[in-house]
Amino acid sequence: MDTYMKLTAYGDNPEAALDMAEEKITELEELFSVTLSTSDIGRLNSSMGVPTEVDDQTSALISRSKILSEKTDGAVDITVYPLVREWGFTTGNYSVLSSERTEELLKFTGSSYISVSENTVTIPENFQLDLGSAAKGYAGEKAAEILKEAGISSAIMNLGGNIQTVGEKPDGSPWKVAVTDPLSPSEVICTISVRDKAVVTSGNYQRFFMGEDGRKYCHIIDPKTGRPVDNGLASVTVIGSSGTDCDLLSTALFVMGEESAVEFIKENSGFDMLLITEDGRVIITGNIFNDTEFTEKEIKNNAEVIV
Ligand code: AMP
Ligand code: MG
């Protein structure tokens with residue numbers, strides 16, 4: 001998944017459980033990789049509209065992505081890959097796309113055109129999928145299930161910044177998950193105390209390039225415009241029970257922007273959110289406000305608490 005992962009578990013025999021979790025993550029990587037022609041996604045992306053049989057896990061994740069795409073009015077959309085690729089985010093060969101090219105590629109997007117029937121997935125010709133917005137969250141969720149089945153009741157996993165916790169710390173206190181300050185990425189802005197939850201962040205500081213026009217272009221594409229998101233948000237952190245949903249939603253809420261993200265979180269229970277704007281404002285759901293320690297008192301005093 002093009003990142004570093006760190007898995008830590010406590011208990012009687014954590015090594016065997018961790019080996020199984022690691023195997024699961026490797027298995028998922030081999031199914032979901034967009035750069036591997038033999039992966040399920042690689043095969044789908046060269047399927048030319050022909051129905052393609054995939055693993056249960058691939059069809060499950062595609063189905064979930066479709067549902068959350070619909071729920072977020074298309075803000076997260078695993079069919080934006082042709083744009084992600086041509087903007088250069090796959091290769092690092094960046095270029096600012098012309099509006100003509102953007103319009104052309106937008107014709108090959110839209111999650112509603114993906115059809116999933118049990119293990120068979122069909123995407124129209126010229127469409128390409130990318131599970132980058134969901135794969136790490138899904139992998140964390142599956143790895144947590146494996147650890148629990150193996151009797152582990154205390155673990156924390158960092159999958160390239162997507163945090164998945166199992167239970168609580170061995171001493172019975174909650175896990176403290178650090179959130180990067182998107183305006184100063186070498187620093188932490190706060191820690192959030194959680195038990196048995198996923199904490200997933202999407203932001204414009206993680207992967208971006210500077211255009212010749214001096215503007216910053218980040219790796220998250222607004223499926224409505226085909227252009228990198230530039231809406232005043234610096235990062236969105238979503239906290240919830242399902243790593244998959246948190247991952248899909250962090251991407252979606254980042255695309256939606258401040259107003260719609262706040263509205264979405266107010267209308268959909270089961271998730272908490274920490275939103276940081278480019279002008280340094282912090283918006284946080286009340287449910288986690290008291291469990292969040294900010295590195296500076298001032299930030300806490302100025303935070304806008306919602307729901
Ligand atoms: P995340 O870091 O979870 O927010 O996912 C971002 C990654 O998902 C990007 O690096 C792209 O590979 C892909 N992506 C970019 N924009 C979108 C989008 N609007 N919906 C779904 N996937 C996207
Ligand atoms: Mg995501």
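Just so we're clear, the structure is a prediction, and the values are computed from it rather than from any experiment.

With that out of the way, let us pick up the side chain of glutamine 164. Secondary-structure assignment places glutamine 164 in strand E6 (residues 162-167). With relative accessibility at 5%, the residue glutamine 164 sits in the buried group. Residues within four places of glutamine 164 in sequence aside, it is in contact with Gly140, Glu141, Ala144, Ala155, Ile156, Met157, Lys197, Ala198 and Gly243.

On the protein side, the magnesium ion (ligand 2) has Ser133 (O), Asp247 (O), Asp247 (OD) and Thr251 (OG1) as donor atoms, found 2.0 to 2.5 Å from it. Counting residues between consecutive donors of the magnesium ion (ligand 2) along the chain gives the motif S-x113-D-x3-T. Placement of the pair is aspartate 247 and threonine 251 together in helix H7 (residues 243-256), with a separation of 4 residues, close to one helical turn. Like threonine 251, aspartate 247 is buried.

Attention now goes to the pairing of strand E5 (residues 154-159). Pairing analysis gives 6 bridges linking strand E1 (residues 5-10) to E5, with the strands arranged antiparallel. For threonine 8, the partnering residue across the bridge sits in E5 and is isoleucine 156. Hairpin connection from E5 to E6: 2 residues lie between these consecutive antiparallel strands, with glycine 160 at a positive phi of about 55°.

Pairing in this open sheet of 8 strands is mixed, and the strands run E1-E5-E6-E9-E14-E15-E16-E18 from one edge to the other. Both outer strands of the open sheet, E1 and strand E18 (304-306), are each paired with one neighbouring strand and no more. Within this sheet the neighbouring strands show an average axis-to-axis angle of 10°, counted without direction. In terms of strand pairing, E5 meets E6 through 6 bridges, oriented antiparallel. Counterpart to alanine 155 in the pairing with E6 is valine 166. Across the sheet, H7 touches E6, strand E9 (198-203), strand E14 (233-240) and strand E15 (272-277), and the angle it forms with E14 is around 155°.

The nonpolar side chains of a soluble globular protein tend to be buried, and buried together. Grouped together as the largest cluster of nonpolar side chains are 59 residues, with contacts concentrated most on Ile62, Leu147 and Met273. The residues that make up this core include at least three from each of domain 1 (8-122) and domain 2 (174-306). Setting aside residues up to four positions removed in sequence, isoleucine 62 forms contacts with Ile41, Leu44, Ile78, Ile114, Val116, Val121, Leu129 and Leu131. Listed in part, the 19 residues of the second largest apolar core include Trp175, Val177, Cys190 and Val199.

So, about the site of ligand 1. Near ligand 1 lie 16 residues; those nearest to it are Asp77, Asp130, Ser202, Ile221 and Thr251. The contact in question runs from a nitrogen atom of ligand 1 to an N or O atom on the backbone of aspartate 77, over 2.8 Å. Here threonine 251 contributes a side-chain N or O atom positioned 2.6 Å from an oxygen atom of ligand 1. Out of a free accessible area of 500 Å², ligand 1 has 93% covered by protein chains. With 3 residues, H7 is the single largest residue contributor to the shell around ligand 1. Residues from two domains meet in the shell around ligand 1; each of domain 1 (8-122) and domain 2 (174-306) gives at least three.

All right, on to the sheet that holds strand E3 (residues 115-117) then. Spatial ordering of the open sheet is given by E2-E4-E3, a layout of 3 strands whose pairing is antiparallel. Across the chains shown, the open sheet's two edge strands, defined by having one partner strand only, are strand E2 (52-53) and E3. As paired strands, E2 and strand E4 (residues 120-122) are joined by 2 bridges and run antiparallel to one another. Its bridge partner lying in E4, threonine 52 is registered against valine 121. The sheet strands contacting helix H3 (residues 56-71) are E3 and E4, and the helix crosses E3 at an angle near 135°.

Of note, glutamate 118 is a non-glycine position whose phi angle comes to about 50°, a positive value. Along the chain, glutamate 118 falls in the loop between E3 and E4. One non-glycine residue, valine 307, adopts positive backbone phi at about 65°. Along the polypeptide, valine 307 turns up in the segment after E18.

Okay, the domain arrangement of the chain next. Along its sequence, the chain is organised into domain 1 (8-122) and domain 2 (174-306). Its C-alpha centre places domain 1 at a distance of 22 Å from the equivalent point of domain 2. Taken together, the contact pairs 23 residues of domain 1 with 24 residues of domain 2. Summed over both partners, the interface of domain 1 with domain 2 comes to about 2000 Å²; 74% of that surface belongs to carbon and sulfur atoms. Counting the surface domain 1 buries against domain 2, the share from its top three residues, Ala75, Trp87 and Phe89, is 29%. Applying the counting rule to domain 1 against domain 2 returns 2 salt bridges.

Thresholds, definitions, all that
Residues numbered from 1 in each chain as written. Chains lettered and ligands numbered in written order. Predicted model: local features only at pLDDT ≥ 70, side-chain atom pairs only at ≥ 80, totals over all residues. Heavy atoms only, no water. Helix = DSSP H or I, 4+ residues; strand = E, 2+ residues; numbered from the N terminus. Buried < 20%, exposed > 50% of the residue type's maximum accessible area, 1.4 Å probe, protein only. Contact = heavy atoms within 4.5 Å. Donors = N, O, S within 2.8 Å, 3.2 Å for Na, K, Ca; no water. Pairing = 2+ DSSP bridges. Axes fitted to C-alpha atoms, helices over the stretch in contact; angles between N-to-C directions. Core = buried A, V, L, I, M, F, W, Y, C linked by side-chain atoms within 4.5 Å. Domains from an automatic or database assignment. Near = heavy atom within 4 Å. Polar contact = N/O pair within 3.5 Å; in protein donor to acceptor, adjacent residues only side chain to side chain. Areas by Shrake-Rupley, 256 points an atom, 1.4 Å probe, with all protein chains shown as cover. Buried area = accessible area lost by both parts, 1.4 Å probe. Salt bridge = Lys/Arg side-chain N within 4 Å of Asp/Glu carboxyl O.

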